[in-house]
Amino acid sequence: MTNKRWTISLICMFFLFLYVLIHFVISTQRIEKTVEQLRQTARPSSSQPHFVLISQEFDNPYWRKIARGAKDAAKYYHINVEYIGPLRTSIDEQIKLLEKAIASRVDGIIVQSLNDSRFTPFINKAMDEHIPVITIDTDAPMSRRLSYVGTNNFAAGQLLGETVVSRAVGKKKIGVIIGSDASESQQLRLQGFKSVIERHPSFKIAAVASSNISRTQASIQAEIMLRAHPDISVMVGTSALDAVGILMATKNLHRDDIQIFGFDDVEETLQAIQQGKIAATVVQKPYDMGFSAVELMVEYLSGKNINKEHFTDTKVVDKTNVWMEGDR
Ligand code: BGC
């Protein structure tokens, strides 16, 4: 009897052991599968190089296009691009973001340098710490950055000047709104513009003011200028939102006789060209800037030599070709 009980208990224990063993094997397999799945999802972001793109103003439509180009290149080359920038343009904020990117040891930095003397020490610091830097849209030529990607801004200013002198006839006083006093790209555009106007004695620049790249400020400054110089008959803007700001001012003052020339192809500028309210605009290639900057950084990291300057195209858009403008 006792033997029989023992045998039954042994059999029970054996089945219990078998149950625990099978359960153990199944859960181990399940855990291994989950870990593998987690590894798979974590792999792309952790092993992909991480670049940071720092803009002048996060939500500016011109910078959104640069970011779109950079993101498309990132997808193509299987890397990670983080797009950041101050909510409103601010050199201090932009420099803080640059410092943060250096501290977090990203694999590459693409940054607009608003002002050579303020940005150069930080760009050089990044390069010293083996974090490659490419400047975009506005250069820091005194720094040790790898390359500059963007418009040749002096030549673009000249193109704006030639566009004005070929389309505005007779004696003309010109009012100029630039994006920023601090920005070297804006200063270069202004110099290029002046160099053409100075060769044409019937044209004269009456005043220059800054919009701080804001459409509202462009409108306010243009209104002040037009009240102070009622003989101005041509207004030009050298950053993306200036021409639409100037248009607001001329509407407020009922001055539809003013000829307006601008920069870039934000939607409202193109619409105003179609409606004959803006005469022409010098269009840059922000999408190409973003794409090329990422592409060049990838090439550099793979050991290729890259050129110190990579100029993107500009062209004039007016009523005759505005319909050809796509979304780039
Ligand atoms: C300039 C940028 C600027 C933007 C502002 C563009 O024309 O190239 O430097 O940030 O306008 O709207």
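What comes next concerns the included structure.

Scoring rules and cut-offs
Within each chain, residues carry numbers counting from 1 in the order of the written sequence. In keeping with the predicted nature of the model, local features appear solely for residues at pLDDT of at least 70, side-chain atom pairs appear and are counted solely at 80 or more, and the whole-chain, interface and lining totals rest on all residues. Calculated side-chain values reflect all of the structure's heavy atoms, with hydrogen atoms and water omitted. Each helix is a run of DSSP H or I of at least 4 residues and each strand a run of E of at least 2, with the numbering of both proceeding from the N terminus. Only a single heavy atom is needed: when it lies within 4 Å of a molecule or strand, its residue is near that molecule or strand. Throughout this description, a polar contact denotes any pair of N or O atoms lying within 3.5 Å of each other; where both atoms belong to protein, one of them has to be capable of donating a hydrogen while the other can accept it, and for residues adjacent in sequence the pair is counted only when both atoms sit in side chains. Working definition of accessibility: Shrake-Rupley area with a 1.4 Å probe, residue cover restricted to the visible protein chains. The nonpolar class holds Ala, Val, Leu, Ile, Met, Phe, Trp, Tyr, Cys and Pro. Asp, Glu, Lys and Arg form the charged class, and all remaining residues, Gly among them, are polar. Domain borders in the structure are assigned automatically or taken from a domain database. Pairing between two strands is assigned when DSSP locates at least 2 bridges connecting them. Every axis corresponds to a line fitted to the C-alpha atoms, with the helix fit spanning only the stretch in contact, and the corresponding angles, defined between N-to-C directions, vary from 0 to 180 degrees.

1. Considerations on unusual backbone geometry
The phi angle at aspartate 137 is positive, at roughly 70°, despite the residue not being glycine. Relative to the helices and strands, aspartate 137 resides in the loop between strand S4 (133-136) and strand S5 (147-150). Positioned with a positive phi, isoleucine 213 is a non-glycine residue whose angle comes to about 50°. Checked against the element boundaries, isoleucine 213 lands in the loop between strand S7 (203-210) and helix H7 (215-228).

2. Some thoughts on the site of the ligand
Around the ligand sit Gln56, Asn60, Tyr62, Trp63, Gln112, Asp137, Arg189, Ile213, Ser239, Ala240, Asp264 and Gln284, and that is every residue in its neighbourhood. Within the side chain of glutamine 56, a nitrogen or oxygen atom sits 2.6 Å from an oxygen atom of the ligand. Glutamine 284 is positioned such that a nitrogen or oxygen atom in its side chain is 3.1 Å from an oxygen atom of the ligand. Protein coverage of the free-state accessible area of the ligand, which is 310 Å², stands at 99%. Of the residues assigned to the shell around the ligand, the class counts are four nonpolar, five polar and three charged. Counting contributing residues per domain, the shell around the ligand is built from domain 1 (48-151 + 286-312) and domain 2 (153-283), each supplying no fewer than three.

3. Digging into the sheet that holds S4
Within the open sheet, the six strands sit side by side as S2-S1-S3-S4-S5-S11. Their pairing is parallel. Both outer strands of the open sheet, strand S2 (80-84) and strand S11 (309-311), are each paired with one neighbouring strand and no more. Within this sheet the neighbouring strands show an average axis-to-axis angle of 20°, counted without direction. Of the pairings in the sheet, the one linking strand S3 (residues 108-111) to S4 comprises three bridges and is parallel in character. Bridge assignment links isoleucine 109 to a residue of S4, and that residue is valine 133.

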